Amino acid sequence: MRTARLRTVHPALWAGWAALAAGAVLCVIGWYGVSGERYAERQLPYLASCTIPGAALIIGGAVLLAHGRGSLAATRVEELYGLLVDAEPADADVSGQAAGAPVAVSGELRMVPGGTLWHRADCPLVAGKAEAVPVDAGLVASGELGPCPICEPAGDSD
C-alpha cells in the first residue's frame, strides 16, 4: 500500500530520480566527448550540449527529491492528524465526564529515583513503572521533591 501511495501521490519523487539519472548520463556523455578532443574550441560544444544541461538536471532532480520528501512528510503528518481527530470523539465522552476530576486519585505517593517530582501511584507518568518507589517523607519535608502538575498530589493532605 505504501508503494502505491508513493507512485500516485508523489510524482515529484519519480521525476526527481529521472532527472538525476538523465543528468548523470548527460554529464558522462559530455565528459567522454570533452576527453576525446584536444582543443578547447572543439570541447565547448560538448560542454554546452551535454555537461551543463546534465548538471542542471542533477540540480533540478535534487530539488524535486527534496520537495517530494517534504510533501511525503507533510502527507504523513496530515494522515496522523486525521487519525487523532477521528479518535478524539470516542475519548471526548470520557474526558467530558471527568473534566473537573483529577487524573489520579490514589492516596499512595510515589517517585522515580533521580526525579524532582512526587506523584500519586496511579499517575500516568509513574503507573506501571517498576522503578517507581514510595516517596520518602524526608525528601518531601526538605523540599527536594515537588508535586506533579498532572496528578496534583499536593491538593490533598495525606
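Residues numbered from 1 in each chain as written. Predicted model: local features only at pLDDT ≥ 70, side-chain atom pairs only at ≥ 80, totals over all residues. Heavy atoms only, no water.

Draft legend 1. Structural context of the overall build of the protein. Helix and strand counts for the protein stand at four helices and four strands. Reading the helices (α) and strands (β) of the protein from amino to carboxyl end gives α-α-α-β-β-β-α-β. Residues classed as buried in the protein amount to 20% of the 158 residues present. Of the contacts formed within the protein by residues at least 6 apart in sequence, a portion of 59% connects residues at least 24 apart. Of the roughly 10,600 Å² of accessible surface on the protein, 65% is carried by carbon and sulfur atoms. (Helix = DSSP H or I, 4+ residues; strand = E, 2+ residues; numbered from the N terminus. Buried < 20%, exposed > 50% of the residue type's maximum accessible area, 1.4 Å probe, protein only. Contact = heavy atoms within 4.5 Å. Areas by Shrake-Rupley, 256 points an atom, 1.4 Å probe, with all protein chains shown as cover.)

Draft legend 2. Summary view of the sheet that holds strand 3 (residues 133–134). Read across the sheet, four strands follow the order 3-1-2-4 without closing on themselves; strand pairing throughout is mixed. Edge positions in the sheet fall to strand 3 and strand 4 (146–147), since each of these pairs with one other strand and no more. Bridge analysis of strand 1 (residues 109–111) against strand 2 (residues 117–120) gives three bridges, and the strand direction is antiparallel. Across the sheet, methionine 111 pairs through a bridge with tryptophan 118, a residue of strand 2. (Pairing = 2+ DSSP bridges.)

Draft legend 3. Spatial organisation of the pattern of salt bridges. Scanning the entire structure with this criterion turns up two salt bridges. Note that arginine 42 is salt-bridged to glutamate 37, the shortest N-O span being 3.3 Å. Linking arginine 110 and glutamate 108 is a salt bridge whose minimum nitrogen-to-oxygen distance equals 2.7 Å. Residue arginine 110 is classed as buried on the basis of its relative accessible area of 18%. (Salt bridge = Lys/Arg side-chain N within 4 Å of Asp/Glu carboxyl O.)

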